[in-house]
Amino acid sequence: MVADPAAESAPDGGARNEPITFEVVTLFPEMFSAIERSGITRRAMERGLWQGRYVNPRDFAQDAHRTVDDRPYGGGPGMVMMAEPLARAIAECKARHDTPLKVVHFSPAGERLTHGRVMDLVGEQALLLLCGRYEGMDQRLIDRHVDLELSLGDFVLSGGELPAMALMDAIIRQLPGALNDATSAVEDSFVAGLLDCPHYTRPEVWESEAVPEVLLSGDHARIRRWRAEQALALTRRRRPDLLAGAGQDDGK
Ligand code: 9WO
């Protein structure tokens, strides 16, 4: 069954008339041009499916030097982001919305981001994404304002902006109308709970390696089965942990 790519309903069937708004608190708003100016996310923005608003805590600093960080109590390396400029930036974002905004912070200490969590968030009308820098934010700000802390994995980055863009990208791809072929959204590997099957394109032989014959057969049922078997085999080999909850459809 090929889903209607023009379908306006959200993945869960709910109607989406308004674009999703990402209110982003960041010291580096210019970083987000990467998703506003390129590819699927740019096209989705041009189609009115989402919008980004970027609020710089430095604009809410209370001194002439626009200070947003200070030395950590108890000593130690680096600087900590002060609570007050962040709180004012958050208030600015919230004031633009009639409904409460879920505040998402990005840290290795957060819940590991999965497709399931992305799908939970696709239904939100707006999200507030809090991007940390330096050694992190004053814990009192996190305790008071953060609803959800998300991690991309067990590693430390220079800031929360790249994880924020990863979340935005993952959500945008699931919005009705974002992908020309809704099937690729449905078949995105994590929808089935499996890794993706291998892909091939021209030439038919490259460096003496031929494309698997089944893909040249024109037998679409057989191709669908082969792709499902490949996805299952790859998942068994690389990510057996995914198989617990996967739909183990072999493409029949
Ligand atoms: C860093 C960190 C390290 C170990 C355990 C908990 C931690 N929290 C943070 C943190 O909030 N850091 C701030 C955001 C400031 C420094 C740069 N930031 C950051 C976020 N580094 N790495 C991430 C991150 C976010 C999501 N997934 C993986 C890494």
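The sections below set out a description of the structure shown in this document. Remember, predicted model here, so these are calculated numbers, not experimental data. (Residues numbered from 1 in each chain as written. Predicted model: local features only at pLDDT ≥ 70, side-chain atom pairs only at ≥ 80, totals over all residues. Heavy atoms only, no water.)

Our focus in this paragraph is the overall build of the protein. Assigned secondary structure in the protein consists of nine helices and nine strands. Look at the contacts in the protein between residues 6 or more apart in sequence, and 76% of them connect residues 24 or more apart. A total accessible area of about 14600 Å² is found for the protein, and carbon and sulfur atoms account for 50% of it. (Helix = DSSP H or I, 4+ residues; strand = E, 2+ residues; numbered from the N terminus. Contact = heavy atoms within 4.5 Å. Areas by Shrake-Rupley, 256 points an atom, 1.4 Å probe, with all protein chains shown as cover.)

As a structural note, the neighbourhood of the ligand is formed by 20 residues, with S107, Y134, L152, F155 and L157 the closest of them. One nitrogen or oxygen atom from the main chain of L152 is found 2.8 Å from a nitrogen atom belonging to the ligand. One of the backbone N or O atoms of L157 is found 2.8 Å from a nitrogen atom in the ligand. Look at the ligand: alone it shows 580 Å² of surface, and the protein chains cover 79% of it. One can see that the ligand is located within the second largest pocket. Put simply, the parts of the chain that give the shell around the ligand at least two residues each are β5 (102-112) and β7 (148-151). (Near = heavy atom within 4 Å. Polar contact = N/O pair within 3.5 Å; in protein donor to acceptor, adjacent residues only side chain to side chain. 1 Å grid on protein atoms, 1.4 Å probe; cavity = no way out; pocket = protein on both sides within 12 Å on 5 of 7 lines; lining within 4 Å. Sits in = over half its atoms within 2 Å of the grid points.)

On to the pattern of salt bridges. This model, assessed by the stated rule, comprises 13 salt bridges. Across the pair E23 and R53 runs a salt bridge whose closest N-O atoms are separated by 2.7 Å. Of this pair, E23 sits in strand β1 (residues 20-25) while R53 sits in strand β2 (residues 50-55); the two residues are 30 residues apart in sequence, bridging distant segments of the chain. For E23, a relative accessible area of 0% gives the class buried. With a closest N to O distance of 2.7 Å, R117 and E111 form a salt bridge. Each of the salt bridges in this network shares a partner with another, and the network as a whole consists of E23, R53, E92 and R96. (Salt bridge = Lys/Arg side-chain N within 4 Å of Asp/Glu carboxyl O. Buried < 20%, exposed > 50% of the residue type's maximum accessible area, 1.4 Å probe, protein only.)

A cluster of nonpolar residues, L152, F155, L157 and L162, forms a patch on the protein surface that exposes about 360 Å² of accessible area. Following the sequence through the fold, F155 ends up in the loop between β7 and α6 (161-173). A relative accessible area of 41% places F155 in the partly exposed class. (Patch = residues over 30% accessible without salt bridge, like charges linked within 9 Å, V, L, I, M, F, W, Y side chains within 5 Å.)

We now examine helix α4 (residues 115-122). Three or more residues of α4 are buried, namely H115, V118, L121 and V122. What you see down the axis of α4 is that its buried residues fit within an arc of 120°, all on one side. (Arc of directions from axis to C-beta.)

Under the defined criterion, the tally for this structure stands at two aromatic pairs. Between the aromatic rings of F22 and W50, the centroid separation amounts to 5.9 Å while the plane-to-plane angle is 65°, which identifies the pairing as edge-to-face. Here the residue F22 occupies a position in strand β1, and W50 occupies one in strand β2, the gap between them amounting to 28 residues. Taken as a pair, F22 and W50 share a single burial class, namely buried. (Phe/Tyr/Trp six-rings, centres within 6.5 Å; stacked < 30°, edge-to-face > 60°.)

A word on the layout of surface pockets. Here the second largest pocket is characterised by a volume of approximately 440 Å³. Lining of the second largest pocket is provided by 24 residues; of these, F106, S107, P108, V156 and L157 occupy positions nearest its centre. At the level of secondary structure, the elements contributing two or more residues to the lining of the second largest pocket comprise β5, α5 (139-145) and β7. With four residues, the single largest contributor to the lining of the second largest pocket is β5. (Points joined across faces, edges and corners; volume = space filled by probe spheres on them.)

This part covers the pairing of strand β6 (residues 126-130). The two faces of the sheet receive side chains in turn, since in a regular strand these alternate between them. Extensive coverage of β6 is indicated by the burial of five of its five residues. Where β1 and β6 come together, five bridges link them in parallel fashion. Its bridge partner being in β6, T21 is matched across the sheet by A126. With four bridges connecting them, β5 and β6 associate as parallel partners. Looking at β6, one finds that V103 is bridged to L128. (Pairing = 2+ DSSP bridges.)

This part is about the side chain of E23. Among the polar contacts listed, one links the side chain of E23 to the side chain of R53, at a separation of 2.7 Å. For E23, the side chain forms a polar contact with the side chain of R96, separated by 2.6 Å. Setting aside residues up to four positions removed in sequence, E23 forms contacts with R53, C93, R96, H97, L101, L127, L128 and L129.

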